[in-house]
Amino acid sequence: MNKSSKIYIAGHKGMVGSAIWNALKAKDYENLIGKTSKELDLRNQAAVQEFFAIEKPDVVIDAAARVGGILANNNYPFTFLMENMQIQNNLINTSLHQDVDKFIFLGSSCIYPKLAPQPLKEEYLLTSSLEPTNEWYAIAKISGVKACEAIRKQFGKDFVSLMPTNLYGPNDNFDLQTSHVLPAMMRKFHEAKANSEPVELWGSGSPMREFLHVYDLAEAVVFALENPFAENLYNVGTGVDLTIKSLAELIQKTVGHTGEIIWDSSKPDGTPRKLLDVSKMANQGWIAKISLEDGIQSTYNWFLEHENSFKQVKM
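Here the structure is a predicted model, which means the values were calculated and not measured.

Asks: Honestly, the overall build of the protein chain in this entry has me stumped. Any pointers?
Replies: From N to C terminus, the protein chain includes ten helices and twelve strands. For 315 residues, the compact-globule estimate of 2.2 N^0.38 gives 20 Å, and the protein chain sits close to it at 19 Å. A principal-axis box enclosing the C-alpha atoms of the protein chain has dimensions of 55 × 40 × 40 Å. Within the protein chain, the proportion of its 315 residues that are buried is 53%. As displayed, the protein chain has an accessible area near 14000 Å², and 49% of this comes from carbon and sulfur atoms. If the 31 positive side-chain charges of the protein chain are averaged to one point and the 37 negative ones to another, these points end up 2 Å apart.

Following this line, the structure appears as structure tokens:
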């Protein structure tokens, strides 16, 4: 790796991809490539192959995916399974055949079994059944992890998979039909704030979740680019979790909402707990730095600045 290496960031306009782009720019990487989904449909194998043949990137970072919360995963299982496999398979396979020097695949902590021991270690992958509400996305991401592992094993290529915990931050999706829990809560509390209206939230509030600011993930990706990783799969998180109820109260306080919180226990909770064991990354020399309180405050500041220009994420 050097500052002039040609680095292609797939999904560079998304929350994760844009954070990685900015982190690399801040470290004076000068040869970054990005294409919007309108410019390059990553589901189209021929289009991806043509793009790689022309651009010949040295490094590929796969931050492109069809993503969404429990509702979106439940309602569009085939879309989440097939589109994510198409995107990552085209990128991984073309990177191999175009002799890309380094490939970083970004997945999700949902790849681990629903009832695996806590905290989740990398070796728990494929030891038991998945959480049903997001298994379609999880299966797609597992196939990407195993594809990178197979390439590493068969061809000796530097393909690394990073599995972040629940992400949040600037450029997040705040669409209530397709967003994840933290941005959905933030928007609900904000919209109910003026009249102190009650806010209804899904589930019991008892599940435990871990949250990582997207800027921390971006720094982890840069770290993975600049340092040798001996294995294929590494968890990326804070190693600290809290209940969904505590998260809601923290966001409510940050936003300034004073109304009631109503929990709809008829709605699914999802996995009871999902805390990552982050010791492998710590042993590599990387740890997260942004506290949840600071991260939520800065994200809400960004929310207020961009309230009238949120991206629309529809299925």
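Asks: I would appreciate a short explanation of the sheet that holds strand E5 (residues 158-164) in the present structure.
Replies: Across a sheet, strands are paired by hydrogen bonds formed along the backbone, either parallel or antiparallel in direction. Read from one edge of the open sheet, six strands run E2-E1-E3-E4-E5-E9, paired in parallel fashion. Strands with a single pairing partner mark the edges of an open sheet, and in this sheet they are strand E2 (32-33) and strand E9 (233-236). Looking at chain direction, strand E4 (residues 102-106) and E5 are connected through five bridges and run parallel. Across the sheet, Leu 106 pairs through a bridge with Leu 162, a residue of E5. The strands touched by helix H1 (residues 15-26) are strand E1 (7-10), E2, strand E3 (59-62) and E4; relative to E1, the strand with the most contacts, the crossing angle is about 155°. Contacts from helix H4 (residues 77-97) reach E1, E3, E4 and E5 within the one sheet, and its direction differs from that of E4 by about 165°.

Asks: It is not clear to me how the packing of aromatic side chains should be interpreted in this structure. Could you clarify?
Replies: Aromatic ring pairs are described here by two measures, namely the spacing of the ring centres and the angle between the planes. The final tally for this structure, using the stated rule, is ten aromatic pairs. Look at Phe 174 and Trp 302: their rings are 6.2 Å apart centre to centre, the planes differ by 20°, and that puts the pair in the stacked class. Residue Phe 174 is found in the loop between strand E6 (166-168) and helix H6 (181-193), and its partner Trp 302 is found in helix H10 (residues 292-305); the two are separated by 128 residues along the sequence. The pair formed by Phe 174 and Trp 302 is uniform in burial state, with each residue classed as buried. Geometrically, the ring pair formed by Phe 229 and Tyr 234 is edge-to-face, given 4.6 Å between the ring centres and 65° between the ring planes. Like Tyr 234, Phe 229 is buried.

Conventions adopted
Each chain has its residues counted from 1, running along the sequence as written. For a predicted model such as this one, the threshold for reporting local features is a pLDDT of at least 70, and the threshold for listing and counting side-chain atom pairs is 80 or more; totals across whole chains, interfaces and linings nevertheless cover every residue. Excluded from the side-chain calculation are hydrogens and water; included are all heavy atoms of the structure. Numbering of helices and strands runs from the N terminus, with a helix taken as a DSSP run of H or I at least four residues long and a strand as a DSSP run of E at least two residues long. Two things to know: the radius of gyration comes from C-alpha atoms, and the globule rule equals 2.2 Å times the number of residues to the power 0.38. Burial classification: accessible surface area is computed with a 1.4 Å probe over protein chains only, and a residue below 20% of its type maximum counts as buried, one above 50% as exposed, and the rest as partly exposed. Note on areas: Shrake-Rupley, 1.4 Å probe, and residue coverage restricted to the protein chains presented here. We count Lys and Arg on the positive side and Asp and Glu on the negative side, and we leave His and both chain ends out. Where a charge lies is defined by one atom per residue type, namely NZ (Lys), CZ (Arg), CG (Asp) and CD (Glu). Strands qualify as paired when DSSP identifies two bridges or more between them. Residues count as neighbours in contact if any of their non-hydrogen atoms are within 4.5 Å of one another. Note on definitions: angles span 0 to 180 degrees between N-to-C directions of axes, and those axes are lines fitted to C-alpha atoms, for helices only across the stretch in contact. Think of it this way: a Phe, Tyr or Trp ring, Trp meaning its six-membered ring, pairs with another when their centres are within 6.5 Å, and the plane angle makes it stacked under 30 degrees, edge-to-face over 60, tilted otherwise.

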